[in-house]
Amino acid sequence: MIHLSLPAALAALLAGIGVYGVLARRNAVLVLIGVELILNAANLLLVTAGSRPGAPLSAGPVLTLFVITVAAAEITVALAIILVMFRRTGGIDLTAVPDLTDEPDEPDEPGEPGEPGEAGALDEPADDRDRRDDDRDDDRDAEARREPAPAGEGAA
Amino acid sequence: MTTRDLVFTAVGVVTALSALLSVTTKQVVHAALWLLVSLGSLAGAYLVLGQELVGLVQLLVYVGAIVVLVLFALMLTRAPIGPHAEIDTPWWQRLAGALLGAATTALLASLLLPLFSGVTADLDAPTTTTPQVAQAVFGTWVWPFELLSVLLLVALIGAFAVSRLVLHRDAGDGAERRSTVTSGAQAGGRG
């Protein structure tokens, strides 16, 4: 025999701790830890309600299993998004507003496939100079963006 | 106070304390490890409540998979080792968070405790045993159960697509002309 007010109190406590965790953390992964605690409070409450005498359809434990599954799916996608964010911005600080938008569309470079540099050099000198500028910009962009990549390399 | 009450109180104190530590510690990796302790002892709480299946699934999924995923994410995002104040919001925001958390606890407790006061579960003759749970999953709840497998598939593909699409564009707009072969090989390797 067990008094069900104890697990109910624990569920309330866990939910409060989870809310604090979500609000007090800046690191995105640690915010997720708070979310997990809230989900676990919900689970504990489901199990508690399911062990009341006369609970129908085994709803408590079954719904708990469902919530655990949904939580697994949720955290997979959330961590994937966090990893992408880290790769794009170099950090997962949620208070530093990250620039997740695309860069303004670069104009379509002429002669996309193959080796445009050598082929177009003789034909259009002016255009080629432009393109070399573009090249340098691109390189800088690519390096800046590539910098955090090694950490994310093993992600996928 | 019965024996089960005492055991549940002990397990519950461990759960609550480790949960509290996991949201307050200044060391990033310790937070994940305290979460591990909290979820594991919560599995113990399910056992005390007489739901062995839920407790074991909790151990398998939460402790075995989710915490490991969180640890991997921390490692991949270069979590700093050692105490680090940068992972917390400023003190006034933490104070507001603590107030809101306490308010949540107070609200839920004031709602739930009267609801469950005096209610006891006789675990020697439990209302739901594991065979009953199994029959319910594959009887009453079979369609939600099937939907869940679709959801897992969607999450799998979604996580894959999220991490891959951006990689593609990353390799596409900057480095495409210089090293088409290399970026192709990288994309293949990541796939």
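Given the structure is predicted, the values throughout are model-derived calculations rather than measurements.

Rules used throughout
- Residues numbered from 1 in each chain as written.
- Chains lettered and ligands numbered in written order.
- Predicted model: local features only at pLDDT ≥ 70, side-chain atom pairs only at ≥ 80, totals over all residues.
- Helix = DSSP H or I, 4+ residues; strand = E, 2+ residues; numbered from the N terminus.
- Contact = placed C-beta atoms within 7 Å.
- Expected span 1.5 Å × (residues − 1).
- Bend = angle between axes of the 7 residues up to and from the residue.
- Buried ≥ 20, exposed ≤ 12 C-beta atoms within 10 Å, placed from the backbone.
- Nonpolar A, V, L, I, M, F, W, Y, C, P; charged D, E, K, R; others polar.
- Pairing = 2+ DSSP bridges.
- Core = buried A, V, L, I, M, F, W, Y, C linked by C-beta atoms within 7 Å.
- pLDDT = per-residue confidence, 0-100.

Further remarks concern the environment of Thr105(B). Its location among the elements puts Thr105(B) in helix H4 (residues 91–116). Sequence-distant contacts of Thr105(B), defined by excluding residues within four places in its chain, comprise Ala12(A), Leu13(A), Ala15(A) and Gly16(A).

Here the focus is H4(B). For H4(B), spanning 26 residues, the distance from its first C-alpha to its last is 36 Å, which sits close to the expected 38 Å at 1.5 Å a residue. Of all the bends in H4(B), the largest measures some 25° and sits at Ala109(B). Three or more residues of H4(B) are buried, namely Gly97(B), Gly101(B), Thr104(B), Thr105(B), Leu108(B), Leu112(B) and Phe116(B). Against helix H1 (5–24) of chain A lie the buried residues of H4(B). Once H4(B) ends, the next one or two residues include Gly118(B), with phi positive near 80°.

Taken together, the contact between chain A and chain B spans 79 residues of the former and 89 residues of the latter. Ranked by residue count, the leading element in the side of chain A that touches chain B is helix H3 (residues 59–89) of chain A, at 22 residues. Classifying every residue of the side of chain A that touches chain B gives 51 nonpolar, 19 polar and 9 charged. Pairing between strand E1 (residues 2–3) of chain A and strand E1 (residues 120–121) of chain B: 2 bridges, direction antiparallel. Bridge pairing in E1(B) places His3(A) opposite Thr120(B).

Glancing now at the nonpolar core. Grouped together as the largest cluster of nonpolar side chains are 73 residues, with contacts concentrated most on Ala11(A), Leu14(A), Val29(A), Ile33(A), Leu44(A), Ile82(A) and Val70(B). Taken together, the elements giving at least two residues each to this core come down to H1, helix H2 (28–50) and H3 of chain A together with helix H1 (3–24), helix H2 (28–48), helix H3 (52–76), H4 and helix H6 (142–173) of chain B. With 14 residues, H1(A) is the largest single contributor of residues to this core. Aside from chain neighbours lying at most four places away, what touches Val70(B) is Val29(A), Leu32(A), Ile33(A) and Ala32(B).

This part takes up unusual backbone geometry. All names here are of chain A. The backbone of Leu57 shows a phi angle near 65°, a positive value even though the residue is not glycine. Judged by the 14 C-beta atoms lying within 10 Å of it, Leu57 falls in the partly exposed class. In this structure, Ser58 takes a positive phi of about 50° despite not being glycine.

In the predicted model, chain A carries a mean pLDDT of 73, and the fraction of residues at 70 or more is 62%. Long-range and interchain partners of residues 105–156 of chain A, a stretch whose pLDDT sits below 50, account for 40 contacts in this model, where long-range means more than four residues apart.

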